[in-house]
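Structure at a glance
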Amino acid sequence: MSAVAAAPVLIVEDDLALQRQIKWSLDAFETVTASDRESALAQFRRHRPAVVTMDLGLPPDPDSVSEGFKLLGQMLEIDPAVKVIVLTGQNEQANALRSVALGAYDFLAKPFEPEVLRLTIERALRLAELQAENRRLQEQSTGEALGGLLTRDPQMLRVARTIERVATSNATVLLLGESGTGKEVLAQGLHAASKRPGRFVAINCAAIPENLLESELFGYEKGAFTGAAKTTPGKIETAHGGTLMLDEIGDLPQPLQAKLLRFLETRTVERLGGRQENAVDVRVVGATHQDLRGQIRDGRFREDLYYRLAEIVVEIPPLRQRAGDAVLLANAFVRRFAQEQRRGNVSLGDDAVRAIEAHGWPGNVRELLNATKRAVIMAEGDRLGCADLGLPPADGDEPAETAAASDIDLRTVRERAERGAIITALARADGNMVRAAELLGVSRPTLYDLMKRLNVK
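Everything quoted here is computed from the prediction, not taken from an experiment. (Residues numbered from 1 in each chain as written. Predicted model: local features only at pLDDT ≥ 70, side-chain atom pairs only at ≥ 80, totals over all residues. Heavy atoms only, no water.)

What follows concerns the overall build of the protein. Tallying secondary structure elements over the protein gives 20 helices and 14 strands in all. Here the protein has a C-alpha radius of gyration of 28 Å; the compact-globule value for 457 residues is 23 Å, and the former is much larger. Seen through its principal axes, the protein has C-alpha atoms that stretch 95 × 60 × 40 Å. When the 457 residues of the protein are sorted by exposure, 45% land in the buried category. (Helix = DSSP H or I, 4+ residues; strand = E, 2+ residues; numbered from the N terminus. Rg over C-alpha atoms; globule rule 2.2 N^0.38 Å. Buried < 20%, exposed > 50% of the residue type's maximum accessible area, 1.4 Å probe, protein only.)

In structure tokens:
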């Protein structure tokens with residue numbers, strides 16, 4: 001039975017006789033009851049029902065609908081997917097329609113037919129189950145859509161889903177994050193998911209001298225300057241039909257900022273020394289580790305260019321904030337470099353795993369990649385230790401807390417703690433389910449059940 005089907009139906013009704021009648025009419029379902037807003041919220045947080053039936057008139061003022069609408073809003077804030085069926089009196093249709101506009105699933109007028117209520121709840125449960133399955137399948141497909149992205153962290157999975165959603169549009173995307181967080185990997189994933197027929201072209205605006213950057217971006221005509229022996233298209237034209245990544249866009253000189261802004265507005269380029277404007281169909285992705293808003297305040301970056309680039313802004317968390325990803329990536333890098341260097345069965349030792357978890361990784365994924373590559377090349381044995389990685393031993397054996405609770409709801413806190421522990425165990429065990437179950441102190445079937453319930457891949 002699915003988690004949706006296993007959750008009880010919550011009945012919120014202050015008239016105890018009517019509450020019993022509704023409960024009896026739903027004898028085919030597991031139900032829990034509440035008679036006011038506070039008890040209903042407690043039951044909702046405890047059981048997380050997929051379907052709720054409720055009256056709008058609740059104590060302390062059952063003749064008013066204020067408590068009912070407040071409860072409806074609170075439940076939808078906790079779980080926007082919940083299906084709320086409002087039961088109203090014959091003269092309350094306006095309130096019923098208002099509740100549907102606010103997010104309720106449906107409404108039924110009292111007195112209601114038990115068979116109609118049962119059918120409505122069955123449909124609501126089926127819809128909730130299909131939506132939950134759809135969310136699960138979307139989460140599972142994230143890694144496939146973005147190719148090189150390897151993560152189990154919920155924040156990064158949300159980033160990946162955002163990239164997937166915007167991939168098929170023509171919106172300009174701005175990737176923000178510290179150096180080494182994987183901005184180019186995400187940009188390449190965006191291009192792959194967009195199905196655009198052209199190439200993926202990247203240019204680092206900070207790596208090319210200012211006097212050469214304009215010709216690199218926009219191209220030049222023959223004879224435009226000394227040494228221009230032939231007409232050469234720029235990076236923008238080279239990316240026609242594909243995706244152009246402007247890395248370190250915050251270092252773009254101001255004269256070129258104005259020219260780039262014109263391109264983004266007209267989608268045409270004029271080569272150096274040329275008089276003809278050439279139309280270009282290209283998806284633009286900007287990326288930077290700098291604070292562009294701060295640069296705007298200091299007069300170093302054009303505000304109008306920022307808003308052209310920032311149609312969709314994606315903030316990439318640093319590696320130190322990604323639960324379990326450091327060890328997950330380290331294991332993948334070790335396997336990759338061991339194969340490249342023909343080093344056989346090189347693997348991370350327990351002290352190396354703990355050191356990786358404890359390190360802050362200021363250089364993010366790039367620093368981790370360099371550390372593992374150096375260790376695989378230089379280590380004498382097949383078991384890499386923290387010294388091989390150039391890391392100090394970790395203090396203690398326990399992993400750092402992966403997430404702090406944002407509220408005091410015990411179910412939410414418990415699920416976050418369980419998810420964090422499972423992700424850490426899977427990373428330490430390098431995906432070995434038997435070893436991960438041993439680290440967690442549970443059986444392998446229990447681990448599989450927990451992973452399914454918590455949507456851990």
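Below, the discussion takes up the side chain of Glu13. Mapped onto the elements, Glu13 comes out in the loop between strand 1 (9–12) and helix 2 (16–25). A polar atom in the side chain of Glu13 sits 3.5 Å from the side chain of Lys110. Once residues lying within four places of it in the same chain are set aside, the contact partners of Glu13 are Leu18, Gln19, Ala34, Ser35, Asp55 and Lys110. (Polar contact = N/O pair within 3.5 Å; in protein donor to acceptor, adjacent residues only side chain to side chain. Contact = heavy atoms within 4.5 Å.)

Take a negative patch on the surface next. A contiguous patch of negative charge, built from Asp350, Asp351, Glu380 and Asp388, is present on the exposed surface. Inspection of the secondary structure assignment puts Asp351 in helix 15 (residues 350–358). Classification of Asp351 by relative accessible area gives partly exposed; the value is 33%. (Patch = residues over 30% accessible without salt bridge, like charges linked within 9 Å, V, L, I, M, F, W, Y side chains within 5 Å. Areas by Shrake-Rupley, 256 points an atom, 1.4 Å probe, with all protein chains shown as cover. Salt bridge = Lys/Arg side-chain N within 4 Å of Asp/Glu carboxyl O. Lys, Arg positive; Asp, Glu negative; His and termini not counted. Charge placed at Lys NZ, Arg CZ, Asp CG, Glu CD.)

So, on to the packing of aromatic side chains. Per the counting criterion, the structure on display carries three aromatic pairs. Residues Phe333 and Phe337 carry aromatic rings whose centres are separated by 6.4 Å and whose planes lie at 40° to one another, so their mutual orientation is tilted. Of this pair, Phe333 and Phe337 both sit in helix 14 (residues 325–340), four residues apart, which is roughly one turn of that helix. Exposure remark for Phe337: the relative accessible area of 2% places this residue in the buried category. Positioned above the aromatic ring of Phe69, the side-chain terminus of Arg98 is 3.9 Å from the ring centre. (Phe/Tyr/Trp six-rings, centres within 6.5 Å; stacked < 30°, edge-to-face > 60°. Lys NZ or Arg CZ within 6 Å of the ring centre and 35° of its normal.)

As a further point, take the sheet that holds strand 7 (residues 200–204). The parallel open sheet is built from five strands, whose spatial order is 7-8-11-6-12. With partners counted over all chains shown, the strands left at the sheet margins are strand 7 and strand 12 (312–315), one partner each. Neighbouring strand axes in the sheet, compared pairwise and without regard to direction, differ in orientation by 20° on average. Pairing analysis gives five bridges linking strand 7 to strand 8 (residues 243–247), with the strands arranged parallel. Opposite Val201, over in strand 8, you have Leu244 as the bridge partner. Sitting on the sheet, helix 8 (residues 183–194) touches strand 6 (173–176), strand 7, strand 8 and strand 11 (283–288), and the angle it makes with strand 11 is about 165°. (Pairing = 2+ DSSP bridges. Axes fitted to C-alpha atoms, helices over the stretch in contact; angles between N-to-C directions.)

At a minimum axis separation of 10 Å, helix 3 (residues 37–47) and helix 4 (residues 66–78) run at an interaxial angle of 15°. Here helix 4 runs roughly parallel to helix 3, going by the angle between their axes. Note on packing geometry: the crossing formed by helix 3 with helix 4 is right-handed. Mapping the contact onto sequence places Arg37, Ala40, Leu41, Phe44 and Arg45 in helix 3 and Glu67, Lys70, Leu71, Gln74, Met75 and Ile78 in helix 4. Of the residues that constitute the contact of helix 3 with helix 4, the class distribution is six nonpolar, one polar and four charged. (Parallel < 35°, antiparallel > 145°, perpendicular 65-115°, else oblique. Left-handed = near helix turned anticlockwise from the far one by under 90°. Nonpolar A, V, L, I, M, F, W, Y, C, P; charged D, E, K, R; others polar.)

Our focus in this paragraph is helix 11 (residues 254–266). Compared with the 18 Å implied by 1.5 Å per residue over 13 residues, the 19 Å span of helix 11 between its first and last C-alpha is a close match. Listed as buried for helix 11 are Leu256, Gln257, Leu260, Leu261, Phe263 and Leu264. Taken end-on, helix 11 shows its buried residues confined to a sector of 160°, consistent with a single buried face. On its buried face, helix 11 sits against helix 9 (210–218), helix 10 (235–238), strand 8, strand 9 (268–270), strand 11 and helix 13 (303–309). Once helix 11 ends, the next one or two residues include Arg267, with phi positive near 60°. (Expected span 1.5 Å × (residues − 1). Arc of directions from axis to C-beta.)

Attention now goes to the nonpolar core. Within the largest apolar cluster, 29 residues are counted, with the highest numbers of intra-cluster contacts made by Leu246, Ile249 and Phe263. Breaking this core down by element, the ones donating at least two residues are strand 6, strand 7, helix 9, strand 8, helix 11 and helix 13. Of all the elements, helix 11 adds the most residues to this core, at five residues. In contact with Leu246, other than residues within four places in its own chain, are Ile203, Cys205, Leu217, Leu260, Val284, Val285, Gly286 and Ala287. (Core = buried A, V, L, I, M, F, W, Y, C linked by side-chain atoms within 4.5 Å.)

With that settled, consider the packing of helix 18 (residues 410–428) against helix 19 (residues 433–440). Across the interface, helix 18 lies against helix 19 with an axial gap of 8 Å and an inter-helix angle of 130°. By the criterion of interaxial angle, the relationship of helix 18 to helix 19 is oblique. Viewed along their axes, helix 18 and helix 19 form a crossing whose handedness is right-handed. In contact with Ala421, Ile422, Ala425, Leu426 and Arg428 of helix 18, helix 19 contributes Met433, Ala436, Leu439 and Leu440. When grouped by side-chain class, the residues that make up the contact of helix 18 with helix 19 number eight nonpolar, no polar and one charged.

Turning to the sheet that holds strand 2 (residues 31–34), a few remarks are in order. Strand pairing in a sheet is mediated by backbone hydrogen bonds. Such pairs are either parallel or antiparallel. A sheet is described by the order of its strands in space; here five strands give the open sequence 2-1-3-4-5, paired in parallel fashion. Edge positions in the sheet fall to strand 2 and strand 5 (106–109), since each of these pairs with one other strand and no more. Strand after strand, the sheet turns through a mean of 20° between neighbouring axes, direction not considered. Of the strand pairs in this sheet, strand 1 and strand 2 are connected by four bridges, and their pairing is parallel. Bridge pairing in strand 2 links Leu10 to Val32. In the packing of helix 4 onto the sheet, contacts are made with strand 1, strand 3 (51–55) and strand 4 (83–88), and the angle to strand 3 comes to roughly 165°. Across the sheet, helix 5 (residues 93–102) lies against strand 4 and strand 5, angled at about 165° from strand 5, the strand it touches most.

Attention now moves to helix 18. Its 19 residues give helix 18 an end-to-end C-alpha distance of 27 Å, which sits within 8% of 27 Å, the value for a rise of 1.5 Å per residue. Among the residues making up helix 18, those that are buried are Thr412, Gly420, Ile422, Ile423, Thr424, Ala425, Leu426 and Ala427. Each element contacted by the buried residues of helix 18 is listed here: helix 7 (154–167), helix 14, helix 15, helix 19 and helix 20 (444–454). Once helix 18 finishes, Asp430 follows within two positions and takes phi at roughly 55°, a positive value.

Such coordinate-based values are descriptive only and should not be taken to indicate function.
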